[in-house]
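Now for the letters of each chain:
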Amino acid sequence: MSNEAKKCGMKGCLCTVPAGQKYCSNYCEAAHNSITLQCHCGHSDCASQKL
Ligand SMILES: [Zn+2]
Ligand SMILES: [Zn+2]
């Protein structure tokens, strides 16, 4: 289980992050404090997420 990819800590982000990382990008690290429903980190997982 320790090698499983984890989901990004930002609400609304669908990306997975490598073990040891909490966010998939600097965007998510900065945005997790703000209330955001959609992620704009630029990764394909989130880019295909159209609400
Ligand atoms: Zn994202
Ligand atoms: Zn993310």
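Structure report, in brief. (Residues numbered from 1 in each chain as written. Chains lettered and ligands numbered in written order. Predicted model: local features only at pLDDT ≥ 70, side-chain atom pairs only at ≥ 80, totals over all residues. Heavy atoms only, no water.)

**Quick look at the nonpolar core**
In terms of nonpolar packing, the biggest core is built from 12 residues, these being Cys8, Met10, Cys13, Cys15, Val17, Tyr23, Cys24, Cys28, Ala31, Cys39, Cys41 and Cys46. Filtering out sequence-adjacent residues up to four positions away, Cys28 remains in contact with Cys8, Met10, Cys13, Tyr23, Cys39 and Cys41. (Core = buried A, V, L, I, M, F, W, Y, C linked by side-chain atoms within 4.5 Å. Buried < 20%, exposed > 50% of the residue type's maximum accessible area, 1.4 Å probe, protein only. Contact = heavy atoms within 4.5 Å.)

**Regarding the coordination of the zinc ion (ligand 2)**
Around the zinc ion (ligand 2), the protein contributes the donor atoms Cys8 (SG), Cys13 (SG), Cys24 (SG) and Cys28 (SG), at 2.2 to 2.4 Å from the metal centre. Geometry at the zinc ion (ligand 2) is tetrahedral, judged from the 4 donor atoms that bind it and their angles of 104 to 118° at the metal. In terms of primary sequence, the donors binding the zinc ion (ligand 2) are separated according to C-x4-C-x10-C-x3-C. By relative accessible area, which is 6% here, Cys8 ends up buried. Using a relative accessible area of 0% as the deciding quantity, one classes Cys28 as buried. (Donors = N, O, S within 2.8 Å, 3.2 Å for Na, K, Ca; no water. Tetrahedral: all angles 85-135°; square planar, octahedral: opposite > 155°, others 65-115°.)

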